[in-house]
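One letter stands for each residue in the lines below.
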2 protein chains.
Amino acid sequence: MRSSTLPYATRAAGLVGSVIDSSTSLLHKQTHDIVRFAMGSPAAEAVPSEILAGIAAHQLSRPDAYDYAATEGDPPLHAALLDMLRGTSDETTAERLTITAGGMQGLDLFCKIFVDPGDLVTVESPTYTNGSATALSYGATLLEVPVDDEGMDVDALERLVADAGRKPKAIYTIPTFQNPSGVTMSLERRLRLLELARDWGSMILDDDPYGLLRFAGDPLPTLRELGGGDPLVFSVRTFSKIVAPGLRVGWVDTDPELQPLLINAKQAMDTCTNLPAQRLLAGFLTGGHLADHLVTQRAEYRRRKEAMHAALHEHFGGIARWTDPDGGFFLWVTLDGDVDATALFDVALAEGVAYIPGAAFSPSGRFANALRLCFASTPPERIREGIARLRRAVEKLRP
Amino acid sequence: MRSSTLPYATRAAGLVGSVIDSSTSLLHKQTHDIVRFAMGSPAAEAVPSEILAGIAAHQLSRPDAYDYAATEGDPPLHAALLDMLRGTSDETTAERLTITAGGMQGLDLFCKIFVDPGDLVTVESPTYTNGSATALSYGATLLEVPVDDEGMDVDALERLVADAGRKPKAIYTIPTFQNPSGVTMSLERRLRLLELARDWGSMILDDDPYGLLRFAGDPLPTLRELGGGDPLVFSVRTFSKIVAPGLRVGWVDTDPELQPLLINAKQAMDTCTNLPAQRLLAGFLTGGHLADHLVTQRAEYRRRKEAMHAALHEHFGGIARWTDPDGGFFLWVTLDGDVDATALFDVALAEGVAYIPGAAFSPSGRFANALRLCFASTPPERIREGIARLRRAVEKLRP
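Residues numbered from 1 in each chain as written. Chains lettered and ligands numbered in written order. Predicted model: local features only at pLDDT ≥ 70, side-chain atom pairs only at ≥ 80, totals over all residues. Heavy atoms only, no water.

**Comments concerning the nonpolar core**
Our working definition: Take the buried residues of types Ala, Val, Leu, Ile, Met, Phe, Trp, Tyr and Cys, join any two whose side-chain atoms come within 4.5 Å, and each joined set is a nonpolar core. Note on exposure labels: buried denotes an accessible area under 20% of the residue type's maximum, exposed denotes more than 50%, and partly exposed covers the range between, all computed with a 1.4 Å probe on protein chains only. The contact definition used throughout considers only heavy atoms, calling two residues in contact when any of these lie within 4.5 Å.
Membership of the largest hydrophobic core comes to 158 residues, with the highest contact counts inside it found for F239 and L373 of chain A together with F239 and L373 of chain B. Beyond its immediate chain neighbours, meaning those up to four positions away, F239 of chain A contacts L77, L81, M84, A244, V249, G250, W251, L281 and L285 of chain A. Of all hydrophobic cores here, the second largest spans 60 residues; its members include L109, Y138, I174 and L262 of chain A.

**Let's talk about helix α12 (residues 290-316) of chain B**
The test is simple: Helix and strand labels come from DSSP, where a helix needs a run of H or I of at least four residues and a strand needs a run of E of at least two; each type is numbered from the N terminus. Expected helix span is taken as 1.5 Å per residue step, with the number of steps being one fewer than the number of residues.
End to end, α12 of chain B covers 37 Å across 27 residues, agreeing with the expected 39 Å (1.5 Å per residue, within 8%). A positive backbone phi angle near 85° is found at G318 of chain B, which sits one or two residues after α12 of chain B.

**A word on helix α4 (residues 75-85) of chain A**
Given 3.6 residues to a turn, an α-helix orients residues that are three or four positions apart in the same direction. For α4 of chain A, the full list of buried residues reads L77, H78, A80, L81, L82, M84 and L85 of chain A. G87 of chain A sits one or two residues past α4 of chain A and shows a positive phi near 85°.

**Side note on unusual backbone geometry**
For the bond running from N179 of chain A to P180 of chain A, omega is 15°, close enough to zero to count as cis. By the secondary structure assignment, P180 of chain A is in the loop between β6 (170-173) and α8 (187-200). Of note in this structure, T271 of chain A is not a glycine but carries a positive phi near 70°. The residue T271 of chain A is located in the loop between α10 (259-267) and α11 (275-286) in this model. We classify T271 of chain A as buried; its relative accessible area is 13%. Its identity as a non-glycine residue notwithstanding, F177 of chain B has a phi of 50°, on the positive side. Relative to the elements of secondary structure, F177 of chain B occurs in the loop between β6 (170-173) and α8 (187-200). Residue class for F177 of chain B comes out buried when judged on its relative accessible area of 1%.

**With respect to the UniProt feature "domain: Aminotransferase class I/classII large" (unreviewed entry) in chain A**
Where we set the bar: UniProt positions are given in the numbering used here, feature names are shortened, and annotations may be inferred rather than shown by experiment.
In the numbering adopted here, UniProt assigns the feature "domain: Aminotransferase class I/classII large" (unreviewed entry) to residues 37-390 of chain A. Secondary structure over residues 37-390 of chain A splits into 41% helix and 16% strand, and the C-alpha atoms at its two ends are 10 Å apart.

**A few points about the domain arrangement of chain A**
All names here are of chain A. Put simply, the rule reads: The domain limits used here are those given by an automatic or database domain assignment. Any Lys or Arg side-chain nitrogen found within 4 Å of a carboxyl oxygen on Asp or Glu counts as a salt bridge. Any pair of N or O atoms that falls within 3.5 Å is considered a polar contact. Within protein, one atom must be able to donate a hydrogen and the other to accept it, and sequence-neighbouring residues count only if both atoms are side-chain atoms.
By the assigned domains, chain A splits into domain 1 (14-46 + 292-397) and domain 2 (67-287). Between the C-alpha centres of domain 1 and domain 2 the distance comes to 25 Å. The interface of domain 1 with domain 2 comprises 32 residues on the first partner and 31 residues on the second. Close ionic contact of D326 with R214 constitutes a salt bridge, the shortest N to O distance being 4.0 Å. Summed over the shared surface of domain 1 and domain 2, the result is 14 residue pairs in polar contact (both at pLDDT 80 or more).

**Some words on the sheet that holds strand β4 (residues 141-148) of chain A**
All names here are of chain A. We apply this condition: Two strands are counted as paired when DSSP detects at least two bridges linking them. Every axis corresponds to a line fitted to the C-alpha atoms, with the helix fit spanning only the stretch in contact, and the corresponding angles, defined between N-to-C directions, vary from 0 to 180 degrees.
Spatially, 8 strands are ordered β2-β9-β8-β7-β6-β3-β4-β5 in an open sheet, and the strand pairing comes out mixed. Each edge of the open sheet is held by one strand with a lone partner, namely β2 (97-100) and β5 (151-152). Docked against the sheet, α4 engages β2 and β9 (250-253), running at close to 115° with respect to β2. The strands that α8 touches are β4, β5, β6, β7 (203-207) and β8 (233-238); relative to β6, the one it contacts most, it runs at about 160°.

**Some points on the relation of the copies chain B and chain A**
Look at the two chain copies: a rotation about an axis and a shift along it is all it takes to match them. Worth spelling out the cut-off: The copies were overlaid by least squares, fitting only the C-alpha atoms of residues that reach a pLDDT of 70 or more in each copy.
Superposing chain B onto chain A takes a rotation of 180° plus a shift of 0.0 Å along the axis, which leaves an RMSD of 0.0 Å. Accordingly, the operation relating the two chain copies is best matched by a two-fold axis. In terms of C-alpha distance to the rotation axis, chain B has A57 of chain B as its closest residue, with the C-alpha 3.0 Å off the axis. Both copies share a contact surface, since 99% of the interface residues of chain B are interface residues in chain A too.

**Describing the interface of chain B and chain A**
Put simply, the rule reads: When two components associate, each loses some accessible surface as probed by a 1.4 Å sphere; the sum of these losses over both components is called the buried area.
With 81 residues of chain B at the interface, the matching set in chain A holds 81 residues. Around 6,800 Å² of area is buried between chain B and chain A when both sides are counted, 57% of it from carbon and sulfur atoms. At the surface where chain B touches chain A, the tally comes to 2 salt bridges. Note that K112 of chain B and D108 of chain A form a salt bridge whose closest N and O atoms lie 3.8 Å from each other. If you look at where chain B meets chain A, you find 20 residue pairs in polar contact (both at pLDDT 80 or more). Every element with two or more residues in the side of chain B that touches chain A is listed here: α1 (9-12), α2 (18-29), α3 (49-59), α5 (102-114), α6 (129-137), α8, α10 (259-267) and α11 (275-286) of chain B. With 6 residues, α5 of chain B is the single largest residue contributor to the side of chain B that touches chain A.

**Things to note about the packing of aromatic side chains**
Residues and elements named next belong to chain A. For clarity, the threshold we go by: Only rings of Phe, Tyr and Trp enter the pairing, Trp through its six-membered ring, and a pair is recorded when the two centres are within 6.5 Å. The plane angle decides the type: under 30 degrees is stacked, over 60 is edge-to-face, the rest tilted.
By the definition in use, this model includes 25 aromatic pairs over all chains. Judged by centre distance (5.0 Å) and plane angle (75°), the ring pair of F110 and F234 falls under edge-to-face. Within this pair, whereas F110 is found in helix α5 (residues 102-114), its partner F234 is found in strand β8, the two being separated by 124 residues in sequence. For F110, a relative accessible area of 1% translates into the label buried.

**A short note on the environment of D153 of chain A**
All names here are of chain A. Within the secondary structure, D153 is located in the loop between β5 and α7 (154-164). In the structure, D153 is positioned 40 residues away from L193 in sequence and 9.6 Å away in space, judged by C-alpha atoms. Sequence-distant contacts of D153, that is, excluding residues within four places in its chain, are made with V145, P146, V147 and R189. Within the structure, the side chain of D153 is placed 3.0 Å from the backbone nitrogen of A156, a separation counted as a polar contact.

**Here's the deal with the packing of α4 of chain A against α11 of chain A**
Residue and element names in this part refer to chain A. Under the convention used in this document: Here a crossing is taken to be left-handed if its near helix is turned anticlockwise relative to the far helix by less than a right angle, and right-handed if that turn runs clockwise. Charged residues are taken to be Asp, Glu, Lys and Arg, nonpolar residues to be Ala, Val, Leu, Ile, Met, Phe, Trp, Tyr, Cys and Pro, and polar residues to be all remaining types, Gly included.
Running from N to C, α4 and α11 cross one another at 35°; their axes reach a closest spacing of 9 Å. α11 is crossed by α4, and the crossing has left-handed handedness. Along the contact surface, α4 presents P76, L77, A80, L81 and M84, while α11 presents Q278, R279, L281, A282, L285 and T286. Taken together, the residues of the contact of α4 with α11 break down into 8 nonpolar, 2 polar and 1 charged.

**Some remarks on the sheet that holds strand β11 (residues 330-335) of chain B**
Strands sit in the order β10-β11-β14-β13 (chain B) across an open sheet of 4 strands; the sheet is antiparallel. Strand pairing shows two members of the sheet lacking a second neighbour, β10 (320-322) and β13 (356-357) of chain B, which therefore form its edges.

**Some thoughts on the packing of helix α13 (residues 341-351) of chain A against helix α14 (residues 380-397) of chain A**
Residue and element names in this part refer to chain A. For clarity, the cut-off: Oblique is the label for any angle not covered by the other classes, which are roughly parallel (under 35 degrees), roughly antiparallel (over 145) and roughly perpendicular (65 to 115).
The interhelical angle for the contact between α13 and α14, taken along N-to-C directions, is 125°, at an axis separation of 9 Å. By the angle between their axes, α13 is oblique relative to α14. Handedness of the crossing formed by α13 with α14: right-handed. Where α13 approaches α14, its residues A343, L344, V347, A348 and E351 are matched on the opposing element by R389, L390, R392, A393, V394, K396 and L397. Looking at the contact of α13 with α14, its residues break down into 8 nonpolar, no polar and 4 charged.

**With respect to the side chain of T334 of chain A**
Take T334 of chain A: it is sitting in strand β11 (residues 330-335). Filtering out sequence-adjacent residues up to four positions away, T334 of chain A remains in contact with A320, R321, N369 and A370 of chain A.

**Some remarks on the pairing of strand β14 (residues 370-374) of chain B**
Residues and elements named next belong to chain B. Taking burial as the measure, the 5 residues of β14 include 5 buried ones, the bulk of the element. Burial along β14 is two-sided: A370, R372 and C374 and L371 and L373, pointing in opposite directions, are all buried. Where β11 meets β14, 5 bridges bridge the pair, whose relative direction is antiparallel. The residue bridging L331 from the neighbouring strand is L373, located in β14. Where β13 meets β14, 2 bridges bridge the pair, whose relative direction is antiparallel.

Below, the structure is given as structure tokens:
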């Protein structure tokens, strides 16, 4: 009587991310020496674990640290977060903030509330895989908009939407130190994007996990600030890149009228965000640790990006191009010729270096000859070794 | 240019739970003396916070405790959980287990994978609000199946499905110490339910958060055990009720072929379950703390249920009926006559006692004269006071 076929096949197509899956799961299982440019995590040594453990000793001996949290977020973290944002481009008010299980849940909440099957959602090309996968899992039709050194090409967005013959329900963007390309959208384009969204009545899904990790160049106002509270701007933020990803704590900044819907939707996802991590973060913020931590991290990430740039010049000069981010975690390398970065992956892993192939960042599989490299999680001397290994892998792949 | 209307209204209807929302958010804001029978949390004093803080001091000073976890779960917790389940009715194998952000995410994952708009999903009546809300949020059409003292009325299920003229995609059940009624499905009905699911090719969503909290009566095999690994049985479990809800850690036990889909779906929800809580739980389990903890909790919950029964006999004898659970957290009280338990809620809160009105547990608003009372989170003497207050509220509501 055992049923041999399961009725899920029809939904499988919407649940993508196979390249990232296989590579991350492989990386979790690998134990030998690999230079890991793949995952977008802070370096282990960048995580303030000693400070967090000290806070844990105090905060996590309180019995109330293990109860359900308020769905909109634990009040001490809510208050500390408001303080943290004061004076930044993301300064906001209490009724606009909802704590989430990382930035990823912010994207899931957005899609659950706004995206119905068949809705047009524009994504950057390349874009963050799990962001586009989430929109797909709600049945969105994706439209890929090119990215250049000034971020999303907003003129192309306008043209592609005109060609599509219908307005997008949502425009998904990572405007600052974009994942995966590392580029930042110019001020002019940010303003034009807001104009288009208002003309179309489209929501902007403003995903900005790296904005506080600028190590060069001049700061730009966030879409949150430029929008001035416009309900069309739904801003997703996270502690994953600035403190630690394993805590799974982020927040969304939205029109206050959305909060009841966010609470309802989140209750049907995970009830609330885990409370011990919220208490750890509240202690970290009220203890005044973030400012120093960010100064240290920015300086270190700059050093690492420069080390990766130098190594790329040494090993890939004349056979590839790459971006020059002013912050964040990622570089985007485009190999000349028709090198297949997905085929290269296994060869590179055998050489002892991991990355994410470019095709993983395009729902339609563009960027076959590109690679995303995370410079943030690897010390400079290991970065040099990793890039040298990557070059050897390219040589091996060539016939 | 500010847009005044938001395009979310069409989805709002699917995101329900308003009564529970308003009452829990009220409870979070109330500070004065209230006997809280509303939330389904373990008592604060039942949470092993001293032990967990001791584990935290060791585990959370390791930098790798704050990184992204493997999406399927952190290996130490995975291994400890397999050990914990050995010899129980939920004994299983590694490739069937996926760690989730609490039981709620198990339900969300199930619906994301299996429920398409318009699909028929049967729910118990009354049922767990956030469970049915999740199915609704994926566009399910719900069919309510009555519950009596032996759990879901499986004959009624068969009849109602015949009347509906189509087979359900899924049958949602909380077979043991059901939320909200506290009743347990008999062995005969469990077996018959499996037969029906196999005849129909329907998935069984087997949600069993309380099974390890039996304090009376004889244990029954879980649907997981009775199913013998049938891919139609999708089992959702959680540490929320047996250790602490704020950790947001649970697991699903499913056909191994589902795991790639579960991983993809979870990556688009929250990337992974928060790692510090997984490490705390792994330490709690490998430290051998769970067995003693469960013995203590079962004895205490029995005392509390008996105190609530005694108080109900004293104050509600002749004007209400109530269930007699052998475990878990909840009693279900049905008031005689046409007392409106939703209208009673505000009066009761003013008297200093909180509960969840019955209508919150039925998508169609049945059970207007019923109340869910959580006996687990309140000491016996406070239970007596709370039931006395509840009786006063009933008197005040009467004209």
